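# Chains, contacts and geometry: an overview
Now for the letters of each chain:
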Amino acid sequence: MGKKMALGKDAMGIQKTMRFKDYLGDGIGQLPLNAVSCLVGQLTYFYTDKVGLAAAAVATMLVIAKIIDAFTDLIMGKIMDDVTFRDGKARPWFRIMAIPIAAIIVLLFTVPTKASRGVQSGYVLITNILCSAVIYTAIAIPYGAMIAMRTESSEERGKMGIYRAVFGYVVGMIISIGLIPITNLLGGTQAAWIKVAAVFSILSFISMVVLYRSSKETVGESRKEEDAESTEGPDKLDFAQSIKLLFQNKYWVIMLIANLLMNISYGLSTSGGTFYAKYILGNDNIVALLGAVGLIPTFAGFILVGPMTKKLGMAKTCLTGCIIGIAGCIYRVFTPYSLISCLVGGSMVTFANIPIMCLTSALVNNCVEYNDWKFGHKLVGMSNSASSFGSKIGSGIGGSLIGWILGACGFISGAAAAEQPSAVTAGIFTFSIYIPLALLIGMAILFKMYDLEKIYPKIVTELAERKKKAVK
């Protein structure tokens, strides 16, 4: 066997460190995270239609769990910055959380059917807090930080985001296309949902094991020296100082708000599609058709995002996606009852989401170098966790908005479309079309403001020079 070819440098002149197998090993870690987030996105439908809980009550419990989840993100980020295991700072959490994430996926759906509404509500709240605020957080924060800890190359970070998005979208589309038809085929009962959850539980455990074995923390000349600098001495930052410093980073603030808006949109689309199919288009099995057609713009997006990023940069690629999504939403505004409009306009929004999904993590982690360059502190864990704070609040608001809007419109749990109040139709249009349109406009403005990539090569060069001087 010959020697491996040298990796060389990226377009910005920064040394590359990753090969194809590294991207694959890292990308598979997105499977359990997306499995959880997509299944959680279906919980409003499951709790109201299969368990019989009131929509407004479900929405309130889910948003409480998300608020708690957002604050535990900040705690987890600080823990990750301050604590180092023998096998790293981020990597060990993938091993520790492999069994818990497999267990919680099943527990989410095992709501005691013969218990009182109070007991059922308590079970829903506790399992959602454990899922989102503890287990998911203990994986997502280290996993997000691995982008900054694996490579300094903005190009490679973008590719990591693309591979993660591809793996995550595969499981997301499987759930989007197959969950309702498969559970209906198995009887449409709670037991059917538990069986499907068990499959994703096993796949998630396997993915976590693979991720742990393939992960590497390679950025930095000496990780131990960097760890010591970050956790000891007079320059050590406490929790409040770290948060204050982050809010002085304008690019991180932009991504915080962008993540908030993106995840409100994501929460609406994940939970709202089933309601649209059942109560507007007349058949919840149409979800499978919408998901299947959505594969076309999805694959197109994954194929084009790489070339678009090379030509435009990450932020401008996301901006372009937002503009396409805005056009798709406007199309749907004028033809809301049309299946064709739903397919075409929805496909445009789906295509728009791909660059955003692929590149936001890399854009967040580029803020880590900016922190170091501007303030002398990387704050890898806090940058990812505090940004994730906005993500969790956003997804919680997105999922809960559906329940609140339906509750305000007088939605009747378990009732057929013909039995629902007329206001329910307007409510579904609101969370399926109008709010996503406003969110895309907001994200377009934010990505237009993000110009960090123009100075990123200078930042990396100057940081390298500082390290050389510090060694001397």
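Being a predicted model, the structure only gives us computed values, none of them experimental. (Residues numbered from 1 in each chain as written. Predicted model: local features only at pLDDT ≥ 70, side-chain atom pairs only at ≥ 80, totals over all residues. Heavy atoms only, no water.)

What follows is about the packing of aromatic side chains. Under the definition given, this model contains 19 aromatic pairs. Between Tyr 370 and Trp 373, the ring centres sit 5.8 Å apart and the planes meet at 55 degrees, which makes this aromatic pair tilted. Within this pair, Tyr 370 and its partner Trp 373 are both found in helix α15 (residues 339-375), separated by three residues, close to a single helical turn. Of the two residues, Tyr 370 and Trp 373, neither departs from the other in class, the shared state being buried. Grouping aromatic residues by their ring pairs yields a cluster made of Tyr 45, Phe 46, Tyr 47, Phe 109, Trp 193, Phe 275, Tyr 279 and Phe 411. The ring of Tyr 143 carries the charged tip of Arg 164 above its face, separated from the ring centre by 3.6 Å. Here Arg 332 stacks its cationic end above the ring of Tyr 276, 4.9 Å away from the centre of that ring. (Phe/Tyr/Trp six-rings, centres within 6.5 Å; stacked < 30°, edge-to-face > 60°. Helix = DSSP H or I, 4+ residues; strand = E, 2+ residues; numbered from the N terminus. Buried < 20%, exposed > 50% of the residue type's maximum accessible area, 1.4 Å probe, protein only. Lys NZ or Arg CZ within 6 Å of the ring centre and 35° of its normal.)

Turning our eyes to something else, we now look at the nonpolar core. Grouped burial of nonpolar side chains is what soluble globular proteins tend to show. Counting residues in each nonpolar core, the largest one holds 72 residues, and the members touching the most others are Ile 428, Phe 447 and Tyr 450. The biggest single contributor to this core is helix α12 (residues 250-279), with 14 residues. Those residues in contact with Tyr 450 that lie beyond four places of it in its chain are Tyr 251, Ile 254, Met 255, Ala 315, Leu 363, Asn 366 and Cys 367. If you look at the next biggest cluster of nonpolar residues, it comprises 56 residues, including Ile 28, Leu 31, Met 97 and Ile 139. (Core = buried A, V, L, I, M, F, W, Y, C linked by side-chain atoms within 4.5 Å. Contact = heavy atoms within 4.5 Å.)

What follows deals with the side chain of Glu 156. Mapped onto the elements of the fold, Glu 156 is located in helix α8 (residues 154-185). Here Glu 156 is buried and forms no salt bridge, its nearest opposite-charge partner Lys 16 lying at an N-O distance of 6.1 Å. Engagement of the side chain of Glu 156 in a polar contact is seen with the backbone nitrogen of Thr 17, the distance being 2.9 Å. (Lys, Arg positive; Asp, Glu negative; His and termini not counted. Salt bridge = Lys/Arg side-chain N within 4 Å of Asp/Glu carboxyl O. Polar contact = N/O pair within 3.5 Å; in protein donor to acceptor, adjacent residues only side chain to side chain.)

The subject of this paragraph is the side chain of Thr 127. Take Thr 127: it is sitting in helix α7 (residues 117-150). Judged by its relative accessible area of 5%, Thr 127 is buried. Here the side chain of Thr 127 touches Tyr 123 through a polar contact of 2.7 Å, landing on its backbone oxygen. Of the polar contacts made by the side chain of Thr 127, one reaches the backbone oxygen of Val 124; its length is 3.2 Å.

This brings us to the packing of α8 against helix α9 (residues 190-214). Where α8 contacts α9, the axes come no closer than 10 Å and their chain directions differ by 155 degrees. Taken as axis vectors, α8 and α9 run roughly antiparallel relative to one another. Seen along the crossing, α8 lies across α9 with a hand that is right-handed. For the pair formed by α8 and α9, the contact residues are Val 171, Ile 174, Ile 175, Leu 179, Ile 180, Ile 182 and Thr 183 on the first element and Ala 192, Trp 193, Val 196 and Phe 200 on the second. Here the residues of the contact of α8 with α9 sort into 10 nonpolar, one polar and no charged. (Axes fitted to C-alpha atoms, helices over the stretch in contact; angles between N-to-C directions. Parallel < 35°, antiparallel > 145°, perpendicular 65-115°, else oblique. Left-handed = near helix turned anticlockwise from the far one by under 90°. Nonpolar A, V, L, I, M, F, W, Y, C, P; charged D, E, K, R; others polar.)

All right, on to the environment of Gly 346 then. Tracing the chain through its elements places Gly 346 in helix α15. Residue classification places Gly 346 among the buried residues on the basis of a relative accessible area of 17%. Along the backbone, Gly 346 and Arg 332 are 14 residues apart, and their C-alpha atoms lie at a distance of 8.1 Å. Beyond its immediate sequence surroundings of up to four residues, Gly 346 is in contact with Arg 332 and Ser 341.

What follows concerns the pattern of salt bridges. When their charged atoms lie close together, side chains carrying opposite charge are able to pair. The final tally for this structure, using the stated rule, is 10 salt bridges. The shortest N-O distance in the salt bridge between Asp 22 and Arg 150 comes to 3.3 Å. One end of the pair, Asp 22, is in helix α1 (residues 20-27); the other, Arg 150, is in helix α7, and 128 residues separate them in sequence. Since its relative accessible area comes to 6%, Arg 150 is described here as buried. If you follow the salt bridges from partner to partner, you end up with Lys 16, Glu 155 and Lys 159 in one network.

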